[in-house]
Amino acid sequence: MTVKHVHELDRVVIRFAGDSGDGMQLTGDRFTAETASFGNDLSTLPNFPAEIRAPAGTLPGVSSFQLHFANYDILTPGDAPDVLVAMNPAALKANLPDVPKGATIIVDTGDFTPRALKKVGWDTSPLEDNTLSAYKVHALDLSGITMEALAPFELSRKDASRSKNMFALGLLSWMYGRSIDGTVKFLHEKFATRETIRDANVAALKAGWNYGETTEEFAVSYEVKPAAMPAGTYRNITGNLALSYGLIAAARQSGLPLFLGSYPITPASDILHELSKHKRFGVRTFQAEDEVAAIGAALGASFGGALGVTTTSGPGVALKGETVGLAVSLELPLVIVDVQRGGPSTGLPTKTEQADLLQVLYGRNGESPVPVVAASSPSDCFHAAIEAVRIAVTYRTPVFLLSDGYLANGSEPWHVPDVESLPTIDPGFATELNHDGEGERDFWPYLRDPETLARPWAVPGTPGLEHRIGGIEKLDGPGTISYDPNNHERMVRLRQAKVDGIAGVPDLEVEDPSGAARLLVVGWGSTYGPIGAAVRRARKAGHNVAQAHLRHLNPMPANTGDLLRSYDRVLVPEMNLGQLALLLRGKYLVDVVGYNRVRGLPFKAEELADVIMEEVGAL
Amino acid sequence: MTAPVELGRPGLAGVPTTDVKQTKKDFTSDQEVRWCPGCGDYAVLAAVQGFLPDLGLARENIVFVSGIGCSSRFPYYMNTYGMHSIHGRAPAIATGLAASRPDLSVWVITGDGDALSIGGNHLIHALRRNVNLTILLFNNRIYGLTKGQYSPTSEQGKITKSTPMGSLEAPFNPVSLALGAEATFVGRTIDSDRQHLTSVLSAAAAHRGTSLVEIYQNCNIFNDGAFEILKNRDSRDEVLIRLEHGEPVRFGADGQHGVRRNPSTGSLEVCAGDDPGVIVHDATADDPTQAFALSRLADPGTLARSPIGVFRQVERPAYGDLMATQLDEAADKHGPGDLQALLRGNDPWTVG
Ligand SMILES: Cc1ncc(C[n+]2csc(CCOP(=O)(O)OP(=O)(O)O)c2C)c(N)n1
Ligand code: SF4
Ligand SMILES: [Mg+2]
């Protein structure tokens, strides 16, 4: 056996790509789990077609999973893969444009038949012409080797070749020194009742590892040392999972039973799936007949003293608009989660975008102020959810919580919080009469707390506080129907003042190590990672750049205007055509410049760094 | 009038009661009622306020949720908890409330436009799920609040502001619709018949699951006399069929008409009252076929031969009860939730 060398690297980006049926998401998830427990920092980007099973071997059917891991803290899933694992011609063709020259390509030649090549428009095999001459190519018959390795199991050809993803995972695990023990355990649990499948997958996984170790095809393996992270317990988590857990935690911290009304829609459905598993936490999940019913039921539950939540994506938000307006008028707590995707209309269901900001702020009739909180990374979805609930409960208001397709499915290590350290949220239900009426005490459902301007939340079952609320304008205080012009103006302004005055929105913080930056880059939502990575690059290249990121989009931090005005130039990168930029210009009269891309993919750090350096250069 | 059939867990089980004697006044709010003088809605309000004291429920555990329309102003006049929501969505809102609060008696007030046009989807799904709600559908066969357009229950050819040459659409029969939507309780009554109204509403309230009661309600401004043939002393006996559970289906001043099954078509038809084939009404029959056939007797235009009373009253677990059972089962099986363990997950690692 040849002696194998180990090269040390500080970071690697790997992309697994194959047919939708090849199990690439699972392969990526497992490699991520191995990498997470090894102690690297990491960030992932799954990318899959909207079709469940597009025709096999075609370009639209390609599914991929990109993973960036490093021995330091990283912010993005990486711009371009250092290693592409392509399981068929379509996967190679679809992903090749993203692979930089010099990168490594491991390709399964098992399906490189003339027919399969034709399907993707190749007349000759790229393995035989010079299409791949600029890359380090390992052309291996992964399917064939897997089938050979699984011969003792006497599986059908089809079943045996299905394990080729595990073979690839084993090989990559060897290459990067990851332990496969966790995956073996995982396979044992997943296929507990199907022994042959279980054993075949484990065998394929181990065969992949051994293949790397024994063949001369791979002379070196790589080592990426663990990243230094603060002491504590960690786990890997996706945005949708973190958001679900944040809602459960917020329910516990407020003592309110969680009620989710939802209608399935990509990329939000996993929150419905996840919360449906946690009935023992007292979580009620209701799969409604449509988005209107979903939010209606959540609002009805809130009226009854539950923590009403509804989860959806942009098209669902459009349908929920009228009920959000009702919640604004009723002044009841409600959290509306919008996991944004490419729009308009059905748009790009499985791709990311942040083009619903103006919809959630202004997509309703009348003056209808709603607080908006946006998560900035997968794990941040946990804390953003708690913050959304805090505002909703404290101020008796609907709150939009924004995530997006990238945060929803992307993952990163998460420093698991001690639940005792989580903030408590006081629902402060009304139980007493609150007003001196004619000769007797009575209850005014719209008598506001002078500090928060929140109204009392008196739930059915509370004796003596029976009252009626509705969407018709209410008399300030008693809450009875009122069409009085001056009262309407007062109520419109009161509702606005309540949202404007939400306390606990921290000042916008600026990160500028030089203290001398003249350019400020401002973002919101999931662009946090890419902007951060780009800013680092620009600084490394010798430029002074400041970065600030908005978590509260409504109300915005009190110092936002002053801060923007204190820089010579403000750059706002967004995955839309300039929605935050419009708000900042309108609110603060600052001539911000936008950088806008809507490709359904997160920004690349390199691309953004170039834009930033250009802006600095122009100063 | 036959007493309501007792079936399993009564509709109001779990709703706290009171020993304090209640009167109609206890259920009357201080808000001035603003329906047009002569509107049928007044009679329904009076009947509901009048019979609620008989239930003896804690007033604070009663909630009225409505949509939008003249009838949907109803909750403002009830001294209970209430929500006047948005057009068509009351069943959905009430579903969330009832499913999360089994200790409440939840009522939905809706109109023919509210329930069957904009809110049709929510109505059928509430019925299918059997959420513990009592839905009062005020059918005046017109859009009252928007000043007189035809509605989904208006007879075909109806001349209104939006249909100057007559409406083109076939109307819904709300009872047929509800039966088709898997409803467990379906009744129909008339605003002007206080006694009948009260008996059907009492049976509906006592039912666990969704009860739908269609109330023929006169809009004297935009559709006056829509139910006149069913109310007028001279005509009503000939065209109104009073259903009573366990009784033969007969009508006419002296019971001279009956309803029997046509053996060759299977549908129901009118016959002589003493015909040996006169059917007996069984609201509790599992199979809704006969209840549906009864609902089809009414002429979709004139409403002649409209049956009123309880068409169907069968037992099926209520949605909220099933949901609560699942929560209990999950906690019994796995213990109450441990948040810290949940957050840590199965694959945590420690950095020293
Ligand atoms: C979203 C929306 N669309 C339209 C309306 C206008 N609108 C109010 S009530 C109504 C019809 C009500 O008819 P019905 O439910 O039969 O109630 P009625 O007034 O007859 O009792 C309409 C169209 C509205 N309030 N909201
Ligand atoms: S318009 Fe008709 S339904 Fe509305 S209040 Fe007047 S009479 Fe009643
Ligand atoms: Mg009507």
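Residues numbered from 1 in each chain as written. Chains lettered and ligands numbered in written order. Predicted model: local features only at pLDDT ≥ 70, side-chain atom pairs only at ≥ 80, totals over all residues. Heavy atoms only, no water.

A. Broad picture of the sheet that holds strand E12 (residues 349-351) of chain B. Here we have three strands laid out as an open sheet, ordered E16(A)-E9(A)-E12(B), and antiparallel in their pairing. Looking at strand neighbours, the two that pair on one side only are strand E16 (411-415) of chain A together with E12 of chain B, the edges of this open sheet. Strand-to-strand, the axes of this sheet are offset by a mean angle of 40 degrees, without reference to chain direction. Of the strand pairs in this sheet, strand E9 (residues 232-238) of chain A and E16 of chain A are connected by five bridges, and their pairing is antiparallel. Residue Ile 237 of chain A lies in a different strand from E16 of chain A, and its bridge partner there is Glu 412 of chain A. (Pairing = 2+ DSSP bridges. Helix = DSSP H or I, 4+ residues; strand = E, 2+ residues; numbered from the N terminus. Axes fitted to C-alpha atoms, helices over the stretch in contact; angles between N-to-C directions.)

B. Broad picture of the confidence of the model for chain B. Averaged over every residue, the pLDDT of chain B is 95; residues scoring 70 or more account for 97%. Interface scoring of the predicted complex returns ipTM 0.97; its pTM is 0.96. (pLDDT = per-residue confidence, 0-100.)

C. Just the coordination of the magnesium ion (ligand 3), in detail. Residue and element names in this part refer to chain B. Coordination sphere of the magnesium ion (ligand 3), protein contribution only: Asp 112 (OD), Asn 140 (OD1) and Ile 142 (O), at 2.0 to 2.2 Å. In terms of primary sequence, the donors binding the magnesium ion (ligand 3) are separated according to D-x27-N-x1-I. Of this pair, Asp 112 sits in helix H3 (residues 112-118) while Ile 142 sits in the loop between strand E4 (134-139) and helix H5 (174-180), placing them 30 residues apart in sequence. Each of the two residues, Asp 112 as well as Ile 142, counts as buried. (Donors = N, O, S within 2.8 Å, 3.2 Å for Na, K, Ca; no water. Buried < 20%, exposed > 50% of the residue type's maximum accessible area, 1.4 Å probe, protein only.)

D. Structural detail: a positive patch on the surface. All names here are of chain A. A surface patch of positive charge is lined by Arg 53, Lys 158, Arg 162, Lys 190 and Arg 194. Position of Lys 158 among the secondary structure elements: in helix H5 (residues 157-161). On the accessibility criterion, Lys 158 (61% relative accessible area) is exposed. (Patch = residues over 30% accessible without salt bridge, like charges linked within 9 Å, V, L, I, M, F, W, Y side chains within 5 Å. Areas by Shrake-Rupley, 256 points an atom, 1.4 Å probe, with all protein chains shown as cover. Salt bridge = Lys/Arg side-chain N within 4 Å of Asp/Glu carboxyl O. Lys, Arg positive; Asp, Glu negative; His and termini not counted. Charge placed at Lys NZ, Arg CZ, Asp CG, Glu CD.)

E. Looking closely at the site of ligand 2. The environment of ligand 2 is formed by Trp 35, Cys 36, Cys 39, Cys 70, Asn 140, Gln 217, Cys 219, Asn 220, Ile 221 and Phe 222 of chain B. When grouped by side-chain class, the residues that make up the shell around ligand 2 number seven nonpolar, three polar and no charged. (Near = heavy atom within 4 Å. Nonpolar A, V, L, I, M, F, W, Y, C, P; charged D, E, K, R; others polar.)

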